[in-house]
Amino acid sequence: MSQQLTETCDPQTSVTRSLLGYGIIAGPVYVVVSLAQALTREGFDVTRHAWSLLANGDLGWIQIANFMVAAAATLAAAVGLGRALTSGPGATWVPRLIGVYGVGLIASGIFRADPAMGFPAGTPEGPGVVSLHGTLHFVAGAVGFVCLTVACLIVARRFAGEGRRGWAVYSGVTGAFFLLSFAAVATGGGAPWATLTFVAGIVAVWTWLSALSLHLYRRAMPQRG
């Protein structure tokens, strides 16, 4: 009984699980806060405006804070992944790639997307003028998104090698869909189909990170001394 209690309370496992716990909640918090704003901010159209535009206007601080909270949780998850994936494909690069995505979220909060497409209220229609801040926002997002896509594909390879076909397919499809959704919004010129496809891609990849973190959380085993 004493040995079982010691294993259950193993501090190394507790830290790993705590870090992975942030990966479980990062996506839901980011998505819920973004959607709540998208549905209530004056002039925001979920079919035309990317969530990044929410960082503009009097209430823009909410989305900026959302970026920062999501970034902190993602970076914690990256450390947790590094502790949970001790060997095998992706043990080194998956945590690093997720970490870069977290840094990209910080940069996305610091460098806001330019007002465009009539949002915030009073902004002229159309893509508008692209500033240095807007360019850096796009670059940070692009780098982070590519890293997250590659992480999905590496995890797919890892699970395939473990014989976990369902997880392998899920991870691979999520990564491919997310990359395609980003390409759609980057080239779609504000078309509703492109914006909604990107929203679906964002929700899908955050769900994947939550699911992966939960999976590894459950697999974390106490270390035997």
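Predicted model, so just to flag it, every value in this text is computed and none were measured.

Caption draft 1: Inspection of the state of the cysteines at higher detail. Tallying each qualifying case throughout the model produces zero disulfides. Looking at C147, it has no disulfide partner, and the nearest cysteine sulfur is the one in C152, 11 Å off. Assessed through its relative accessible area of 13%, C147 is described here as buried.

Caption draft 2: Geometry of unusual backbone geometry. Here the bond from F119 into P120 is cis, since omega is 0°, no more than 30 degrees from zero. The backbone of M117 shows a phi angle near 55°, a positive value even though the residue is not glycine. Within the element layout of this structure, M117 appears in the loop between helix 4 (93-110) and helix 5 (132-161).

Caption draft 3: View of the packing of helix 5 against helix 7 (residues 192-219). Helix 7 packs onto helix 5 with a crossing angle of 45° between their chain directions and a minimal axis gap of 12 Å. Between helix 5 and helix 7, the angle is such that the two are oblique. Relative to helix 7, helix 5 is oriented so that their crossing is left-handed. Packed against helix 5, whose contacting residues are F145, L148, A151, C152, V155 and F159, the element helix 7 presents F198, I202, V205, W208, L212, H215 and R219 at the interface. Partitioned by chemical class, the residues of the contact of helix 5 with helix 7 number 11 nonpolar, one polar and one charged.

Caption draft 4: Representation of the pattern of salt bridges within the structure. With the rule as written, the count across this model stands at three salt bridges. With a shortest N-O distance of 3.5 Å, E162 and R158 are connected by a salt bridge. As a salt-bridge pair, R219 and E162 come within 3.7 Å of each other at their nearest N and O atoms. Of the two residues, R219 is situated in helix 7 and E162 in the loop between helix 5 and helix 6 (165-187); the sequence distance between them amounts to 57 residues. For R219, a relative accessible area of 39% corresponds to the partly exposed category. One salt-bridge network, held together by shared partners, links R158, E162, R164 and R219.

Reading the values: rules and limits
- Residues numbered from 1 in each chain as written.
- Predicted model: local features only at pLDDT ≥ 70, side-chain atom pairs only at ≥ 80, totals over all residues.
- Heavy atoms only, no water.
- Disulfide = S-S within 2.5 Å.
- Buried < 20%, exposed > 50% of the residue type's maximum accessible area, 1.4 Å probe, protein only.
- Helix = DSSP H or I, 4+ residues; strand = E, 2+ residues; numbered from the N terminus.
- Axes fitted to C-alpha atoms, helices over the stretch in contact; angles between N-to-C directions.
- Parallel < 35°, antiparallel > 145°, perpendicular 65-115°, else oblique.
- Left-handed = near helix turned anticlockwise from the far one by under 90°.
- Contact = heavy atoms within 4.5 Å.
- Nonpolar A, V, L, I, M, F, W, Y, C, P; charged D, E, K, R; others polar.
- Salt bridge = Lys/Arg side-chain N within 4 Å of Asp/Glu carboxyl O.

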